[in-house]
Amino acid sequence: MKSSHLPSDSALGLISTHSFPAIVGTADMMLKSADVTLVGYEKIGSGHCTAIVRGKVANVRLAVEEGAKTAEKFGQLISKLVIARPMPNLEAVFPIGSHLVEIAQQQQGYSRLSNRSIGLIETRGFPAMVGAADAMLKSADVQLASYEIIGDGLCTAIIRGSVANVAVAIEAGMHEAEKIGELHAMMVIPRLLEDLEHTLPVASYWWDEKEPLPMLMPTPVKQHQRELLALPELEKKPLVMKKPAEIEEKIEETSD
């Protein structure tokens, strides 16, 4: 039984890595090395990520081989797989269905943001990633587009900007990450394809112009005015004034 949506020579290709920047670089290489479509990626915890492509058998085999070489350069390749003519039941359950291919193929081509570069820094530990992101934003004209968490303590900050600015920012971010915690991986991709942009969380920040975020400052606490307590009224006693003669008599009595 064959899928009615895809030709009989269609295939499915999967590459798994132990790093999010590595899977982005691997997916980018697969798309640029052969006529395949990226239909999704999966995170299963413990830092494992899998990129999934579809296309003709020969193209998928070539894409998987080239993508695996990229993952091996980073020392992050876990496994690779090519499945020729996947069964419809497989497509219906897993996020690899042919309807995703049809949608992705309509969007295929070079991105509207292809004149910009993407940079990714992955750390083990959230503080190191935040510190690296701060250093990148302060060192060059780049913007923080997103961040990704894949388990095993691995976090990735994703920036966008011109190729030169991203290169400067990544260098600063790497040094800061090493000061704070553990730098796990980094990646710079000069130009992305459209389907990589739509599938991975690297560009959603850029599709619409957004108003700048407000500066968050401590809210001043209003001081409650102290209430004055009413004191009880003192009993008024009349003041008795003694005459001078009476005072003199009193003095003579005390002197005796």
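Now for a description of the structure that goes with this document. Note that the structure is predicted; figures quoted are calculated from it, not measured. (Residues numbered from 1 in each chain as written. Predicted model: local features only at pLDDT ≥ 70, side-chain atom pairs only at ≥ 80, totals over all residues. Heavy atoms only, no water.)

**Some remarks on unusual backbone geometry**
Within the chain, Ser46 stands out as a residue other than glycine whose phi angle is a positive 55 degrees. Relative to the helices and strands, Ser46 resides in the loop between strand E2 (37–45) and strand E3 (48–56). The partly exposed category is assigned to Ser46, whose relative accessible area is 48%. (Helix = DSSP H or I, 4+ residues; strand = E, 2+ residues; numbered from the N terminus. Buried < 20%, exposed > 50% of the residue type's maximum accessible area, 1.4 Å probe, protein only.)

**A short note on a nonpolar patch on the surface**
On the surface, a cluster of nonpolar side chains totalling about 370 Å² of accessible area is made up of Phe126, Val130, Tyr147 and Ile149. Taken together, the elements giving at least two residues each to the nonpolar patch come down to helix H5 (126–139) and strand E6 (143–151). Within the secondary structure, Val130 is located in helix H5. Look at Val130 and you get partly exposed, because its relative accessible area is 41%. (Patch = residues over 30% accessible without salt bridge, like charges linked within 9 Å, V, L, I, M, F, W, Y side chains within 5 Å. Areas by Shrake-Rupley, 256 points an atom, 1.4 Å probe, with all protein chains shown as cover. Salt bridge = Lys/Arg side-chain N within 4 Å of Asp/Glu carboxyl O.)

**Description of helix H2 (residues 57–73)**
The end-to-end C-alpha distance of H2, which contains 17 residues, comes to 25 Å, matching closely the 24 Å that a straight helix rising 1.5 Å per residue would cover. Taken residue by residue, H2 has Val57, Val60, Ala63, Val64, Gly67, Ala68, Thr70 and Ala71 as its buried positions. One side of H2 holds all its buried residues, which, seen down the axis, span an arc of 155 degrees. Exposed side chains of H2 directed beyond 90 degrees from the buried face belong to Ala58, Glu72 and Lys73. In the segment just after H2, Gly75 is the residue with positive phi, at about 65 degrees. (Expected span 1.5 Å × (residues − 1). Arc of directions from axis to C-beta.)

**Re the sheet that holds strand E8 (residues 182–189)**
Note on sheets: strands pair through backbone hydrogen bonds, and any given pair is parallel or antiparallel. Strand order in the open sheet formed by 4 strands is E6-E7-E5-E8, with antiparallel pairing between adjacent strands. Each end of this open sheet is capped by a strand with a single partner; those strands are E6 and E8. The average angle at which neighbouring strand axes cross in this sheet is 15 degrees, direction not considered. Relative to E8, strand E5 (residues 117–124) runs antiparallel, the two being bridged by 7 bridges. Looking at the pairing, Glu122 lines up with Ala185 of E8. Here helix H1 (residues 20–33) sits on the sheet in contact with E5, E6, strand E7 (154–161) and E8, set at roughly 25 degrees to E8. In the packing of H5 onto the sheet, contacts are made with E5, E6 and E7, and the angle to E7 comes to roughly 15 degrees. (Pairing = 2+ DSSP bridges. Axes fitted to C-alpha atoms, helices over the stretch in contact; angles between N-to-C directions. Contact = heavy atoms within 4.5 Å.)

**Notes on the packing of aromatic side chains**
Applying the stated criterion across every chain, the model contains 2 aromatic pairs. For the pair Phe126 and Tyr147, a centre-to-centre distance of 5.9 Å together with 70 degrees between the ring planes defines the contact as edge-to-face. Taken together, the residues Phe126 in helix H5 and Tyr147 in strand E6 connect sequence positions 21 residues apart. Judged by relative accessible area, which is 39%, Phe126 ranks as partly exposed. (Phe/Tyr/Trp six-rings, centres within 6.5 Å; stacked < 30°, edge-to-face > 60°.)

**A look at the pattern of salt bridges**
Within this structure, the stated rule accounts for 7 salt bridges. Linking Glu66 and Lys69 is a salt bridge whose minimum nitrogen-to-oxygen distance equals 3.4 Å. With Glu66 and Lys69 both in helix H2 and 3 residues apart, this pair spans about one turn of that helix. Among the residues examined, Glu66 registers a relative accessible area of 24% and is labelled partly exposed. Residue Asp152 pairs with Arg124 through a salt bridge whose shortest N-O separation is 3.1 Å.

**Considering helix H6 (residues 163–180)**
In this model H6 runs 26 Å from its N-terminal to its C-terminal C-alpha over 18 residues, within 8% of the 26 Å that 1.5 Å per residue would give. For H6, every residue scored as buried is listed here: Val166, Ala169, Ile170, Gly173 and Ala177. Angular distribution of buried residues about the axis of H6 spans 105 degrees; they occupy a single face of the element. Opposite its buried face, H6 presents the exposed residues Ala164 and Lys179, each directed more than 90 degrees away. Where the residues of H6 are buried, they touch E5, H5, E7 and E8.

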